[in-house]
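Structural characterization, general
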Amino acid sequence: YPMIPDDLTFEESMARKKASMTNIECLFISSDFYLKGGRDLLRVFEKLGKTKTNIHLTIITCTLTIATDELELINKMNNVNIVEFNLSKKELDEYYKSSAILINPTRADSFSLVTLEAIKYGCAVIATNVYAIQEMDIDGYNGFLHEPLFKIWDDDGTLNKYYRTHEKTTIRSGIVDEKLTEWMYEKLLYLETHREQLSEFCVNSLKLSRNEEFSSKSIMERWEKIYYEE
């Protein structure tokens, strides 16, 4: 695994506090808005905007990758704001610290560094089950998982040949995953009305990020072992 430092100044009480705020802050981060499920997420927050919810989304992405009409829509939405994908690590960490939920409805990913960075700051995770995400988003423990529209990784861990050669008609087609959008909508509403569950998810993410699999100490020890053995 990659080594992401543990910020020991961020404590469990801070993770719990995020879950108790009046507004639930959600976060989506990707340089490629559509490949990582941005259109699906936009549909979710359009629907949430028509109901009386206190759920807010910050999108951090390259605005040039978003179609003009959808960028205009985002700028008009009261429950969504957009930030250019040019932040320093320190600036990005501030968004992780203030967000209770990372939403990652990605269609194509490998390890998903964003997910690891998010759980380091106690973010609950709502995501698609793509490659290694299931190791950082344990369904029912620190978030929720949903099967992606396209299964681009075969069971042996190799990239599926069909999806690799048909990206434009599959993962980059722009089609909205209706099942996924309805599922995300329902999960967000559930967590808004079940704050204790959200609080538990946030704390569990923090604990998971500091265990033997993901803590910076254990990852450094593994990399050192690999380096010196070679």
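One numbering rule holds for all chains: residues counted from 1, following each sequence as written. Only residues with pLDDT of at least 70 get local features here, since the model is predicted, and only at 80 or more are side-chain atom pairs given and counted; chain-wide, interface and lining totals rely on the full set of residues. As a convention, hydrogens and water are excluded, and side-chain values are obtained from all of the structure's heavy atoms.

1. Looking at the overall build of the chain
Starting at the N terminus, helices and strands are each numbered in turn, a helix being any DSSP run of H or I of at least four residues and a strand any DSSP run of E of at least two. The secondary structure content of the chain amounts to ten helices and six strands. Since a compact globule built from 230 residues should have a radius of gyration of about 17 Å, the 17 Å found for the chain is in line with a globular shape. Overall, the chain is about 55 × 45 × 30 Å in size when its C-alpha atoms are taken along their principal axes. When a residue's accessible area, from a 1.4 Å probe over protein chains only, is under 20% of the maximum for its type it is buried; when over 50% it is exposed; and in between it is partly exposed. Within the chain, the fraction of its 230 residues that count as buried is 48%. Counting contacts in the chain only where the partners sit at least 6 residues apart, residues at least 24 apart contribute 69% of the total. Surface accessibility of the chain: about 11,800 Å² in total, with carbon and sulfur atoms responsible for 52%. The atom set for the radius of gyration is the C-alpha atoms, and the globule formula is 2.2 Å times the number of residues raised to the power 0.38. Contacts are residue-level and defined by heavy atoms, with any inter-residue pair within 4.5 Å sufficient. A 1.4 Å probe and the Shrake-Rupley method give the accessible areas. Residues count as covered only by the protein chains that appear here.

2. Thoughts on the packing of helix α2 (residues 38-48) against helix α3 (residues 68-76)
In contact at an axis separation of 12 Å, α2 and α3 are set at 35° when each is read in the N-to-C sense. The two elements α2 and α3 cross, and the hand of that crossing is left-handed. On α3, the residues that touch Arg39, Leu42, Arg43 and Glu46 of α2 are Glu70, Leu73 and Ile74. The class makeup of the residues in the contact of α2 with α3 is three nonpolar, no polar and four charged. With axes taken as lines fitted to C-alpha atoms, and helix axes fitted only over the stretch in contact, angles between N-to-C directions fall between 0 and 180 degrees. Each crossing gets its handedness from the near helix: less than a right angle anticlockwise from the far helix is left-handed, clockwise is right-handed. Residues are sorted three ways: Asp, Glu, Lys and Arg are charged, Ala, Val, Leu, Ile, Met, Phe, Trp, Tyr, Cys and Pro are nonpolar, and all the rest, Gly among them, are polar.

3. What about the nonpolar core?
Put simply, buried Ala, Val, Leu, Ile, Met, Phe, Trp, Tyr and Cys residues joined by side-chain atoms within 4.5 Å make one nonpolar core. The biggest cluster of nonpolar side chains holds 46 residues, and the ones touching the most others in it are Cys26, Phe45, Ile101, Ile103, Ile126, Leu188 and Leu198. Core analysis: the next-biggest nonpolar cluster, separate from the first, contains 20 residues, Phe111, Ile119, Met136 and Phe214 among them.

4. Some details on the state of the cysteines
The term disulfide is used for any two cysteine sulfur atoms that are within 2.5 Å. For the structure shown, the criterion picks out zero disulfides. Note on cysteine 26: no disulfide assigned, nearest cysteine sulfur contributed by cysteine 123 at a separation of 9.7 Å.

5. Here we look at empty space enclosed by the protein
The definitions used throughout rest on a 1 Å grid laid over the protein atoms alone, on which a cavity is an enclosed set of points accommodating a 1.4 Å probe that cannot get out and a pocket is an open set flanked by protein within 12 Å on both sides along at least five of seven lines; lining residues are those having an atom within 4 Å of a point. Grid points are joined across faces, edges and corners, and a volume is the space filled by probe spheres set on the points. According to the stated counting rule, one finds one cavity of 30 Å³ or more in the structure shown. There is about 60 Å³ of room inside the largest cavity. Together, Tyr34, Leu35, Gly37, Gly38, Arg39, Asp40, Arg107, Ile171, Arg172, Ser173, Gly174 and Ile175 line the largest cavity. Residues belonging to the lining of the largest cavity are distributed by class as follows: four nonpolar, four polar and four charged.

6. Regarding the side chain of threonine 115
Along the chain, threonine 115 falls in helix α5 (residues 113-119). By relative accessible area, which is 0% here, threonine 115 ends up buried. Counted as a polar contact is a pair of N or O atoms within 3.5 Å, where, for protein atoms, one must be capable of donating a hydrogen and the other of accepting one, and residues adjacent in sequence contribute only when both atoms are in side chains. Looking at threonine 115, its side chain comes within polar contact range of the side chain of asparagine 104, at 3.3 Å. If we ignore the near neighbours within four places in the chain, the residues touching threonine 115 are Leu102, Asn104, Val125, Ile133 and Met136.

7. Side note on a nonpolar patch on the surface
Taken together, Met3, Met220, Trp223 and Ile226 make up a surface patch of nonpolar side chains, about 370 Å² in accessible area. The residue tryptophan 223 is located in helix α10 (residues 216-229) in this model. Judged by its relative accessible area of 47%, tryptophan 223 is partly exposed. Patch membership needs two things, relative accessible area over 30% and no salt bridge, and members are linked within 9 Å if like-charged or within 5 Å if nonpolar (Val, Leu, Ile, Met, Phe, Trp, Tyr). Salt bridges are defined as contacts in which a side-chain nitrogen from Lys or Arg sits within 4 Å of a carboxyl oxygen from Asp or Glu.

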